[in-house]
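Descriptive analysis of the structure
The primary structure of each chain is shown beneath.
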Amino acid sequence: MATQYEIVIGLEVHSELKTNSKIFCCSSTEFGGDPNTHICPVCLGLPGVLPVANKKVVEFAIKAGLALNCRIAEFSKFDRKNYYYPDLPKNYQISQYDLPIAEHGYLDITVDGQQKRIGITRVHMEEDAGKLNHEGESMATARYSLVDYNRTGVPLIEIVSEPDIRSPEEARLYLEKMKAILQYTGVSDCKMEEGSLRCDANISVRPVGQKEFGTRTELKNMNSFRALQKALEYEVERQIDVLEDGGRVIQETRTWDEARGITLSMRSKEEAHDYRYFPDPDLVPMIISPQWIEEIRQTLPELPDARRERYIRDYGLPPYDAEVITGSKELSDYFDEGLKHTGNAKALSNWVMGELLKFINASGISVADSDFPIRPASLAELVNLIDRGEISGKIAKDVFAEMQQKGDSPAAIVEAKGLKQISDQGAIAAVVDEVIANNPQSVEDFKNGKEKAIGFLVGQVMKATKGQANPGVVNQLLREKLK
Amino acid sequence: MQFNALTAHELHDKLVKKEISAVEITEAVFKRIDAVEEKVRSFVTQTRDKALETARAVDAKIGRGEEIGPLEGIPVVIKDNMCTEGILTTCSSKMLHNFVPPYSATVVEKLKQAGAVLIGKANLDEFAMGSSTENSRFFATRNPWDTERVPGGSSGGSAAAVAADETIYSLGSDTGGSIRQPASFCGVVGLKPTYGAVSRYGLIAFASSLDQIGPFAKDVRDCARVFSTIAGHDPKDSTSAEFEVPDYTSFLTGDVKGLRIGIPREYFVEGTDPGVKELIYNAINKFEELGAVCEETSLPHTEYALPVYYIIAPAEASSNLARYDGVRYGYRDESAEDIVTMFMRTRSEGFGTEVKRRIMLGTYALSSGYYDAYYLKALKVRTLIKQDFDRALEKFDVLISPTSPTPAFKYGEKAGDPMQMYLSDVFTISVNLAGIPGLTLPCGFVDGLPVGLQLMGRPFGEGTLFKAAYAFEQNTDFHLRKPNL
Ligand SMILES: [Zn+2]
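Residues numbered from 1 in each chain as written. Chains lettered and ligands numbered in written order. Predicted model: local features only at pLDDT ≥ 70, side-chain atom pairs only at ≥ 80, totals over all residues. Heavy atoms only, no water.

**Quick look at the overall build of chain A**
If you tally the helices and strands in chain A, you get 15 helices and 16 strands. Computed over C-alpha atoms, the radius of gyration of chain A comes to 30 Å, more than 25% over the 23 Å expected from 2.2 N^0.38 for 483 residues, which places it beyond the range of a compact globule. The principal-axis extents of the C-alpha atoms in chain A amount to approximately 95 × 60 × 50 Å. By the burial criterion, 52% of the 483 residues in chain A qualify as buried. The contacts in chain A between residues at least 6 apart in sequence include a share of 69% that link residues at least 24 apart. Carbon and sulfur atoms form 49% of the exposed surface of chain A, whose accessible area is close to 22,700 Å². (Helix = DSSP H or I, 4+ residues; strand = E, 2+ residues; numbered from the N terminus. Rg over C-alpha atoms; globule rule 2.2 N^0.38 Å. Buried < 20%, exposed > 50% of the residue type's maximum accessible area, 1.4 Å probe, protein only. Contact = heavy atoms within 4.5 Å. Areas by Shrake-Rupley, 256 points an atom, 1.4 Å probe, with all protein chains shown as cover.)

Below, the structure is given as structure tokens:
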């Protein structure tokens, strides 16, 4: 019988904190900008400069730590991580080594409807590096390389998980949940495309039942949730193939090649850096008072798990829907705003899960954008129009399509286009008479007990009224007249 | 007497009385530089035009009848490891031979606010690593008392310029004795302040947890005035302390009756020049005559100071000096075809032997597998050394010792033997490790060479050091003697 393998994954997530100024100087953290315009002597690491810790960065890191159920350190310090690279102006990165700001946390993910807890080892603060622009493929082959130090000194938190993740899918779910939590907390934008959320993975496999971990590899360069899952799936297969062929997995760093869909060796353990960490003598240790931690805890907003429970408990949303909506802070905020304008949460959730998500995916516009055409109040109004019987569900879809275009309120669209549902018996009766006269065969069938025939006749009436007739009223009139 | 030979407080009085002008003082100083600089070689850079411009502005202010501060219109030299906006700042290294900083150090800003006249930048041992200024990559500075001898280091240029009357006062930096040892060798007053008393912002780092900026002056009063001007909290330096800066000249009472002075026995052992020892004992007798109470005490971990220093300082230096790689500023080897070769050649050629030696020592001490045995152990012993001082300074107001075991030594005498060179700082290093203030002032001569007396005090106890030093100075004339150049 073939060996069954267990997958063991741990993730290192880097997230940029959205403070206005950098971690150790007053330069702006704004994304973009001409190269080397958001810089000063301090983040350029000029001779003689000194770093001064930005209190807001510490506050945000504590907030993230609390949101991830961590214990916040009362004594923490910054250390220097020494290595040479031209995007690092001091040739050391100010980071945290043995006394990180937060430790021993967790986050919960939902796998196949089951809740699973993933441990978080630590959260620490550090400064980002600059960006190299090669005139050529890579630094080795480039004619020359230019350095942009705008990102140098932008605050980051690194969040390290326990090796609790057991599948590439769980890894993706963990990262999605991490993004949601950091966004809810308001400490990061978590835009993977701008690099404000990055993820490295440690992965190994072992025969089921074996206690010791297998030899792990570290994966880098996964720039989307999908890439993370794909890279891990590839690496699982690769490692199992190596073992099945009687080989040994080599401890090394591998990079994900998105275009080819494979991982490639970057450097082996022997080539690994000795970072020569030591406490940064330019920065005094931080003593964090329990009062400050409490103050920050008070500012924590409702987090995704709490919100999901509220949706299920208070509004009776299906767990899956609640999970999807709360998975995105923007979408969830949108839903909450809509709820202020309608009492029918279930129907609103159906619209969000259906037509709204379809539109967002097709258009690529975010609900948080100021030019997103469908305001939460408008969608809620659409739900209310259906509930009051003013339009049918079918008409509502046409109205929704119209709302995407112009951003008008649904009531205004219904009014302007004359789409209001006809419930007046007199108006419908005339059409019913006409349909009965024109469809003798169906009338005959119905009278002979073929119940299905009534459906065809209702459809004919609806068609004649361009869908505006109230189908309930039509049905009722037909039955009366055909008695 | 020439104006350039006077002290800042004497010149200030003359400026206020309009007996002289700031321009005349500045001109006198440059005239002296023209006469003796060839022999002394204190300066890496001279800033004549800017100096005269500043002096003229001060004269205009005096002309308008406005009040001037104690350092206004008075020439100063700054060690060339402190950043001066728009003025070459080299650390006496090939690595920074062309570096013009876009900003000024906080101390430079403070002096500018005080109306000081910057006349130039002083030579030093490359990146402040050395005890003789022989490690300057440009040229060696000479001791004004005997030009065959070294001025000490690393702030040799700053000390020699004051002793040679090429300036009125100067600033240096002290990591293990780099102000006090050259002040002692050149016969001037020098202060290594409490760690955190003076902002390090803009001081090109050697060892961040030990470096402090401090003054060289012709007498204790000037030293106190300069320190009053440069001390204080700086939001740009997290390690600078928040404390009330007094007018330190208020401590210059001349009265040391009842002052408790401790004599650490570990500073009077074998290896110290007998002539130096005798002068220190004379000084102790003088203090007793003046009513101070002198008693022997002990700093038991003294013997570990040198090894601890030579782990901590190089470790920090190895990281602080990593930024000099040829990418952004300073020297770059242009022949390299790839980045790693550029890094290696730039650093091999840009740094001198002593700097490279310390970078290698420090890199080794921080390496995986050695960190606990060296760096971590050194930090623990450093704490013990600090506790020695805490205990001794509970009982005593001031501790007294020689500043250096010998007077100035000859060129090349120790250049080939780093250990002999390091021992020159054996009495000054502990003060940096403990973070306490240390002051040196002239206490006599051995074979015509000046000898310094070191006074050590409690953290932020500079006032007490000034008080003791001033009383001694008032009752001796060593500070009034001038070298024949
Ligand atoms: Zn900056």
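**Section: the overall build of chain B**
When you go through chain B residue by residue, the secondary structure sums to 15 helices and eleven strands. Dimensions of chain B along its principal axes, counting C-alpha atoms only, are 65 × 55 × 45 Å. Long-range contacts, defined here as pairs at least 24 residues apart, represent 76% of the contacts in chain B between residues at least 6 apart. Accessible surface, chain B: about 16,800 Å² in total, of which carbon and sulfur atoms supply 49%. The averaged location of the 63 negative side-chain charges in chain B is 1 Å from the averaged location of its 52 positive side-chain charges. (Lys, Arg positive; Asp, Glu negative; His and termini not counted. Charge placed at Lys NZ, Arg CZ, Asp CG, Glu CD.)

**Some remarks on the packing of helix α2 (residues 22-40) of chain B against helix α3 (residues 48-63) of chain B**
Residue and element names in this part refer to chain B. α3 packs onto α2 with a crossing angle of 155 degrees between their chain directions and a minimal axis gap of 7 Å. By the criterion of interaxial angle, the relationship of α2 to α3 is roughly antiparallel. Counting all contacts with α2, which are made through A22, V23, T26, E27, F30, I33 and D34, the residues of α3 involved are R48, A51, L52, A55, R56, V58 and D59. For the contact of α2 with α3, the per-class residue count stands at eight nonpolar, one polar and five charged. (Axes fitted to C-alpha atoms, helices over the stretch in contact; angles between N-to-C directions. Parallel < 35°, antiparallel > 145°, perpendicular 65-115°, else oblique. Nonpolar A, V, L, I, M, F, W, Y, C, P; charged D, E, K, R; others polar.)

**Quick look at the domain arrangement of chain A**
The assigned domain composition of chain A is domain 1 (5-295), domain 2 (302-417) and domain 3 (425-481). Centre-to-centre, using C-alpha coordinates, domain 2 of chain A lies 33 Å away from domain 3 of chain A. (Domains from an automatic or database assignment.)

**Focus on the sheet that holds strand β5 (residues 92-95) of chain A**
Within the open sheet, the three strands sit side by side as β5-β4-β15 (chain A). Their pairing is antiparallel. Sheet topology places β5 and β15 (278-279) of chain A at the edges, where each strand pairs with a single neighbour. Direction of pairing for strand β4 (residues 79-82) of chain A relative to β5(A): antiparallel, over a ladder of four bridges. Residue D79(A) lies in a different strand from β5(A), and its bridge partner there is S95(A). Together, β4, β5 and β15 of chain A form the strand contacts of helix α9 (residues 305-320) of chain B, whose direction differs from that of β4(A) by roughly 60 degrees. (Pairing = 2+ DSSP bridges.)

**Description of the side chain of N123(B)**
Counting through the fold element by element, N123(B) comes out in the loop between β3 (117-122) and α5 (156-163). One polar contact links the side chain of N123(B) to the main-chain carbonyl oxygen of F139(B), over a distance of 2.8 Å. (Polar contact = N/O pair within 3.5 Å; in protein donor to acceptor, adjacent residues only side chain to side chain.)

**Regarding the packing of aromatic side chains**
Inspection of every chain in the model, using the stated rule, returns 34 aromatic pairs over all chains. Between Y97(A) and Y277(A), the aromatic rings sit 4.1 Å apart at their centres with planes inclined by 10 degrees, giving stacked as the arrangement. Highlighted residues: Y97(A) in the loop between β5 and β6 (102-111) and Y277(A) in the loop between β14 (262-268) and β15, separated in sequence by 180 residues. Centre to centre, the rings of F127(B) and F351(B) are 5.7 Å apart; their planes meet at 70 degrees, and the pair counts as edge-to-face. Here the residue F127(B) occupies a position in the loop between β3 and α5, and F351(B) occupies one in the loop between α10 (339-350) and α11 (353-366), the gap between them amounting to 224 residues. With respect to burial, F127(B) and F351(B) carry one shared label: buried. Members of the aromatic cluster, each reached through a chain of ring pairs, are F99(B), F127(B), Y324(B), Y329(B) and F351(B). The aromatic ring of F139(B) is capped on one face by R41(B), whose charged end is 4.2 Å from the ring centroid. Across the ring face of Y331(B), the terminal group of K94(B) is positioned such that the distance to the ring centre comes to 4.9 Å. (Phe/Tyr/Trp six-rings, centres within 6.5 Å; stacked < 30°, edge-to-face > 60°. Lys NZ or Arg CZ within 6 Å of the ring centre and 35° of its normal.)

**Observations concerning the coordination of the zinc ion**
All names here are of chain A. Those protein atoms acting as donors to the zinc ion are C25 (SG), S27 (OG), C40 (SG) and C43 (SG), and they sit at 2.1 to 2.3 Å. Seen from the zinc ion, its four donor atoms lie at angles of 100 to 119 degrees, and the figure they make is tetrahedral. For the zinc ion, all donor residues lie on one chain, and their spacing in sequence is C-x1-S-x12-C-x2-C. In this pair, S27 is assigned in the loop between β1 (5-16) and α1 (55-67) and C43 in the loop between β1 and α1, connecting sequence segments 16 residues apart. The exposure class assigned to S27 is buried, which follows from its relative accessible area of 7%. (Donors = N, O, S within 2.8 Å, 3.2 Å for Na, K, Ca; no water. Tetrahedral: all angles 85-135°; square planar, octahedral: opposite > 155°, others 65-115°.)

**Side note on helix α1 (residues 8-16) of chain B**
In an α-helix, one turn spans 3.6 residues; hence positions three or four apart end up facing the same way. Residues and elements named next belong to chain B. All buried positions along α1 are accounted for by A8, H9, L11, H12 and L15. Down the axis of α1, the buried side of the element spans an arc of 160 degrees, and every buried residue falls inside it. At its buried positions, α1 is contacted by α2, α3 and α7 (220-230). Backbone geometry just after α1 places K18 at a positive phi near 60 degrees. (Arc of directions from axis to C-beta.)

**Here's the deal with the packing of helix α12 (residues 425-438) of chain A against helix α15 (residues 471-481) of chain A**
Residues and elements named next belong to chain A. Axis separation between α12 and α15 bottoms out at 10 Å; the angle between their running directions is 55 degrees. One element, α12, and the other, α15, form an angle in the oblique class. Two packed elements cross with a definite hand, and for α12 against α15 that hand is right-handed. Judged by residue contacts, Q425, I428, A429, V432, D433 and I436 of α12 engage V473, V474, Q476, L477, L478 and K481 from α15. Broken down by class, the residue content of the contact of α12 with α15 amounts to eight nonpolar, two polar and two charged. (Left-handed = near helix turned anticlockwise from the far one by under 90°.)

**Focus on the nonpolar core**
With 165 residues, the main nonpolar core has F127(B), F287(B), F389(B), L455(B) and F466(B) as its most contacted residues. The dominant element in this core, judged by the number of residues it contributes, is α9(B), at ten residues. Core analysis: the next-biggest nonpolar cluster, separate from the first, contains 67 residues, I62(A), I72(A), I94(A) and V205(A) among them. (Core = buried A, V, L, I, M, F, W, Y, C linked by side-chain atoms within 4.5 Å.)

**Some remarks on the pairing of strand β5 (residues 189-192) of chain B**
If a strand is regular, its side chains alternate between the two faces of the sheet. All names here are of chain B. Neither face of β5 is open: one carries V189 and L191, the other G190 and K192, and all of them are buried. Pairing of β5 with strand β6 (residues 212-217), which is carried by two bridges, proceeds in the antiparallel orientation. Residue pairing in the sheet places G190 in a bridge with F216 of β6. Sheet topology note: the β5/strand β10 (residues 438-446) ladder contains three bridges and is antiparallel. Counted as the bridge partner of G190 is T440 from β10.

**Some thoughts on the sheet that holds strand β8 (residues 293-297) of chain B**
Residue and element names in this part refer to chain B. The strand order across the open sheet built from eleven strands is β1-β3-β2-β4-β6-β5-β10-β11-β9-β7-β8, with neighbouring strands paired in mixed fashion. The open sheet is flanked by β1 (43-46) and β8, the only strands paired with a single partner. Pairwise comparison of adjacent strand axes, ignoring direction, gives a mean angle of 30 degrees for this sheet. Bridge count for strand β7 (residues 260-264) against β8 is five bridges, and the pairing is parallel. The residue of β8 that forms the bridge with I263 is E296.

**A look at a negative patch on the surface**
Residue and element names in this part refer to chain A. A contiguous patch of negative charge on the surface is contributed by D112, E169, E233, E237, D241, E244 and D245. A per-element tally of the negative patch places helix α3 (residues 225-244) first, with four residues. Note on placement: D245 falls in the loop between α3 and β13 (252-257). (Patch = residues over 30% accessible without salt bridge, like charges linked within 9 Å, V, L, I, M, F, W, Y side chains within 5 Å. Salt bridge = Lys/Arg side-chain N within 4 Å of Asp/Glu carboxyl O.)

**Focus: a nonpolar patch on the surface**
Residues and elements named next belong to chain A. A grouping of F75, L99 and I287 is seen on the molecular surface, where their side chains present a nonpolar patch of about 300 Å² in accessible area. Along the polypeptide, I287 turns up in strand β16 (residues 286-287). On the basis of relative accessibility, which here comes to 72%, the residue I287 falls in the exposed class.

**What about the pattern of salt bridges?**
Applying the stated criterion to the full structure yields 60 salt bridges over all chains. Note that K286(B) and E289(B) form a salt bridge whose closest N and O atoms lie 3.7 Å from each other. Of the two residues, K286(B) and E289(B) are both situated in helix α8 (residues 274-289); the distance of three residues between them amounts to about one turn of the helix. Classification of K286(B) as partly exposed rests on a relative accessible area of 22%. Judged by relative accessible area, which is 62%, E289(B) ranks as exposed. One salt-bridge network, held together by shared partners, links E302(A), R307(A), R310(A), K329(A), D333(A) and D336(A).

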